[in-house]
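# Structural characterization, general
Take a look at the letters that make up each chain.
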Amino acid sequence: MQSRAQPAESCDVLIMGGGLAGLTLALQLRQRFPAMHILVLERRSHPVPEAAHKVGESTVELGAHYFAEVLGLRRHFEQRQIKKFGFRFFFSEGRRDIDQVTEIGASRLLAVPSYQIDRGIFENFLGEEAQSRGIRFSDAARVTRLTLAEGQALHQVEWRRGDEAHHVQARWVIDACGRAGLIKGKLGLAQPNDHGCHAIWFRIAERIKIDDWCGDPAWQNLCTPPERWRSTNHLVGAGYWAWLIPLSSGSHSVGIVADPRHHALETMNSFDKAMDWFKTWQPRLYDALDGQRDKLQDFAFFKHFSYGCKQVFSGQRWALTGEAGLFLDPFYSPGSDFIAIANTFITDLIARDQAGQAVDAHAGIYDQLYHSFYESTLAMYQDQYALFGEPEVLPVKVIWDYSYYWGVLSQLFVHQRLTDLRTLSALKDELARCQHLNVEVQALLRAWGQLSAKRNPAQMLDQASLPWFAELNASLADTLDEAGFRARMRRNAVMLTELADEIVERATALHPALDAAALRAVIGSAPQAAEPRVRRLFETTPA
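Residues numbered from 1 in each chain as written. Predicted model: local features only at pLDDT ≥ 70, side-chain atom pairs only at ≥ 80, totals over all residues. Heavy atoms only, no water.

Before going further, it helps to examine the overall build of the protein chain. For the protein chain, the count of helices and strands is 16 helices and 21 strands. Considering the protein chain as a whole, with its 543 residues, one finds that 58% of them fall into the buried category. Counted over contacts in the protein chain with a minimum sequence separation of 6, partners at least 24 positions apart contribute 78%. Surface accessibility of the protein chain: about 20700 Å² in total, with carbon and sulfur atoms responsible for 50%. For the protein chain, the centre of its 58 positive side-chain charges and the centre of its 64 negative side-chain charges are spaced 3 Å apart. (Helix = DSSP H or I, 4+ residues; strand = E, 2+ residues; numbered from the N terminus. Buried < 20%, exposed > 50% of the residue type's maximum accessible area, 1.4 Å probe, protein only. Contact = heavy atoms within 4.5 Å. Areas by Shrake-Rupley, 256 points an atom, 1.4 Å probe, with all protein chains shown as cover. Lys, Arg positive; Asp, Glu negative; His and termini not counted. Charge placed at Lys NZ, Arg CZ, Asp CG, Glu CD.)

Written out as C-alpha cells, the structure is:
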C-alpha cells in the first residue's frame, strides 16, 4: 500500500517516547503552559498490557512525590496502585526459615509514602490523561528521520503511523524513547560506566505473600500491619539480590540482579535456569514459585544494564529524559527519581526559552548538576554488590544510603530547589562535602565487608525505631522558606558528618585493623555542630 504524506505541521515541544518519562514530562509542561502545542510519539500501541508491560515498578519518595504531588496524580495512586511498605531485606541465602535470619525494614509505614506501580495500568492512565488535557498523543508511531537544528531554526522530525507519513517542525525535541536513545545515537553521546551488573526478571500471575512463609504470629506481627508483601522485598546474598514487587493487577514481579564476578548471567538467563538458580540460592522463593510455573507472564534480561551519557540537556533546544539518557541500578529504585529530576530541569529550560531568555548557560549548569547526582548515586552501587551478603555491614550501608538520599537529593527536589541556582550556590560547600563523605563512606563499607564475620542472627533491625531516621523521612513533607531550607541543608550536612563518624567508630571497634584514615580526614575537615552530638545510628534494640 502506498503511504500517504501529510502536510507539514509545527509544535512547540515534540516528545519522542510516550512511556513513563515522556508522558509525565508532557503533563508537567501542560501544567506550566496550558496553551502549549505538545506532540508525543509512542511506538507501542495503546492500551499496553497490564502486569507484564515494563520493569521498574517500585518508586521511592522523590519519584512518588513527583507523580502524586507535582503532577497531581495522588488519587490514581491511592485508588489504582499499591502503597509500598518501604524496602525490606532478608539475608536468606540458602535458607527456608526466613524468620531465623536477619531482616532489615520498618515495623510500620513511615510518614512520606511511596508506591508499587503496575506500569501497564499507569502508562495507560497517563496516555488517557495526556489526551484529556489537550496533549496530542499518537501511539503506534515510529520516528524515521530526525534533523536537529542550530540557532533559532526548528528541528525537523519525520515519523510514520501505519501507512501515513508525517513531518513535524518543533522548537524543542525531547528524547524519551528509552534505551533506543535516538538523540544519543545520532550525536554519539553514549558513555559506558564501570558498573557491569546484569538483571533478569519475570512476572507471575499470582500474589507472592512473604508473610505466609512463616506461620509464627509473633514473627508476622513484628510489622503493623503484618503485610511485608507490600514492601519491595530484597532476598540478598554476596554479589546479588532478588526482588519481589507486588502489582495491583494481582501479579508479582520477580527479578535477580547480580554482579557477574559472583553469578554469571548464563546461570539465570531463562526461566528454567532462573528457577534452578533460586533452588540453590533462595530455596524458599523457589518453593513459592515452583507450583506457579504455568502462571508465567513474561521473561526478560539485560546483560549490562547501567550506562551513562555525555550530555542530556542542550542550549540548542533538545534534551534527554529517562533511560534515553542514563541508567543507574534498580537496587534503590532510582529510575523514577531521575525522570522527575530531568523533567523538572527540562521544564525550566523550556520556560526560560518561552520567556525569550537564552538557555545555553542554564542547560550547561543543569547538565553538570544532573551528572553530579548520577555520580553520587552510582557510588552507592559500584563495586558494592559483595556487601549484599554481609549482615554486619549492609544494615549500616542501608541506613547511610537512605540518610544521604533523604537528607540531600530528596530535600532539593521536594522543596523545589533544583533550579534555584542562588540557593545551590550558597550551599555549594555543604553539598560538595556531603558528596565527598558519601564516596569515602562507600569505600570504608567495601573494606569493612572484607573483614566481616558474616553473623546472621534471627532479628529484625527496625528502621522505624530510630527516631531521627523517621524524622528525616517526615521532614520531606515540611514547608520551608528559603532561609529555612538553607538551615535544613546545613543541619543535614552536620548530621551526615556525625553519622559517618559513628560508622567509623562502629567499624573500627569491630575491626581495629580497618583503615579509616581517608574518611576520618573528610570528617575532621567539616564544621562541628553547635551542641554536643546525640548518638544516632545504634540507638535501638533489634526487635
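Its 20 residues give helix α9 (residues 335–354) an end-to-end C-alpha distance of 28 Å, which sits within 8% of 28 Å, the value for a rise of 1.5 Å per residue. Among the 20 residues in α9, 18 count as buried, and that is most of the element. Just beyond α9, the residue with positive phi is glycine 356, at close to 85 degrees. (Expected span 1.5 Å × (residues − 1).)

Bringing the environment of serine 372 into the picture now. Looking at where serine 372 falls in the secondary structure, it is placed in helix α10 (residues 360–378). Assessed through its relative accessible area of 25%, serine 372 is described here as partly exposed. It is 23 Å that separates the C-alpha atoms of serine 372 and serine 475, two residues lying 103 residues apart in sequence. A polar atom in the side chain of serine 372 sits 3.3 Å from the side chain of glutamine 435. (Polar contact = N/O pair within 3.5 Å; in protein donor to acceptor, adjacent residues only side chain to side chain.)

Evaluation of the coordinates by the stated rule reveals 30 salt bridges. The partner of arginine 74 in a salt bridge is glutamate 78, and the shortest N-O contact between them spans 3.2 Å. Separated by 4 residues within a single helix, arginine 74 and glutamate 78 lie in helix α3 (residues 74–80), roughly one turn from each other. Accessibility expressed as a relative area gives 32% for arginine 74, which makes it partly exposed. For the salt bridge of glutamate 482 with arginine 422, the shortest nitrogen-to-oxygen distance reads 2.7 Å. On the criterion of sequence distance, the pair formed by glutamate 482 in helix α15 (residues 482–510) and arginine 422 in helix α12 (residues 421–426) is long-range, its members being 60 residues apart. What makes arginine 422 exposed here is its relative accessible area of 57%. (Salt bridge = Lys/Arg side-chain N within 4 Å of Asp/Glu carboxyl O.)

So, about the nonpolar core. Here is a general trend for soluble globular proteins: nonpolar side chains tend to be buried in one another's company. With 144 residues, the main nonpolar core has Ile15 and Phe313 as its most contacted residues. When residues of this core are assigned to their parent elements, the largest contribution, 14 residues, is made by helix α11 (residues 394–414). Ignoring anything within four residues of it in the chain, the contact list for phenylalanine 313 reads Trp318, Ala319, Leu320, Ala342, Phe345, Ile346, Leu349, Ala363, Tyr366, Asp367 and Tyr370. (Core = buried A, V, L, I, M, F, W, Y, C linked by side-chain atoms within 4.5 Å.)

What holds strands together in a sheet is hydrogen bonding between their backbones, with the strands either parallel or antiparallel. Strand order in this open sheet of 8 strands is β17-β13-β16-β15-β14-β5-β6-β21, and the pairing throughout is mixed. Each end of this open sheet is capped by a strand with a single partner; those strands are β17 (296–302) and β21 (459–462). Neighbour to neighbour, the strand axes of the sheet diverge by 15 degrees on average, direction disregarded. Packed on one face of the sheet, helix α7 (residues 271–281) meets β13 (198–204), β15 (240–246), β16 (252–258) and β17 and runs near 75 degrees to β16. (Pairing = 2+ DSSP bridges. Axes fitted to C-alpha atoms, helices over the stretch in contact; angles between N-to-C directions.)

Another aspect to go through is the pairing of strand β14 (residues 232–237). Sheet faces and side chains relate simply in a regular strand, where the side chains alternate between the two faces. For β14, the tally of buried residues reaches 6 of 6 residues, placing the bulk of the element in the interior. A two-sided burial pattern is seen for β14, the buried positions comprising Thr232, His234 and Val236 on one face and Asn233, Leu235 and Gly237 on the other. Note: strand β5 (residues 87–90) against β14, 4 bridges, orientation parallel. The residue of β14 that forms the bridge with arginine 88 is asparagine 233. By the bridge criterion, 5 bridges tie β14 to β15 in an arrangement that is antiparallel. Looking at β15, one finds that histidine 234 is bridged to tryptophan 243. Linkage of β14 to β15, two consecutive antiparallel strands, is achieved through a turn of 2 residues, within which glycine 239 is found at a positive phi near 90 degrees.

Position of threonine 423 relative to the elements: it lies in helix α12. Overall, the relative accessible area of 0% leaves threonine 423 in the buried class. In terms of polar contacts, threonine 423 uses its side chain to reach the side chain of aspartate 420, at 2.7 Å. Leave out the neighbours within four places in its chain, and threonine 423 touches Arg417, Glu482, Phe485 and Arg486.

This part is about the packing of α15 against helix α16 (residues 517–524). Between α15 and α16, the shortest axis-to-axis distance is 10 Å and the interhelical angle comes to 150 degrees. Here α16 runs roughly antiparallel to α15, going by the angle between their axes. With respect to the hand of their crossing, α15 and α16 are arranged in left-handed fashion. Contact residues: Thr497, Ala500, Asp501, Val504 and Thr508 in α15; Leu519, Arg520 and Ile523 in α16. (Parallel < 35°, antiparallel > 145°, perpendicular 65-115°, else oblique. Left-handed = near helix turned anticlockwise from the far one by under 90°.)

The peptide bond linking histidine 46 to proline 47 adopts the cis configuration, its omega dihedral lying at 0 degrees. Checked against the element boundaries, proline 47 lands in the loop between β3 (38–41) and α2 (61–70). With omega at 0 degrees, the peptide bond leading from threonine 224 into proline 225 counts as cis. By the secondary structure assignment, proline 225 is in the loop between α6 (217–220) and β14. Despite not being glycine, alanine 51 has its phi angle at roughly 70 degrees, a positive value. Within the fold, alanine 51 resides in the loop between β3 and α2. In this model, aspartate 383 sits at a positive phi of 60 degrees, which is unusual for a non-glycine residue. As for its placement among the helices and strands, aspartate 383 is situated in the loop between α10 and α11.

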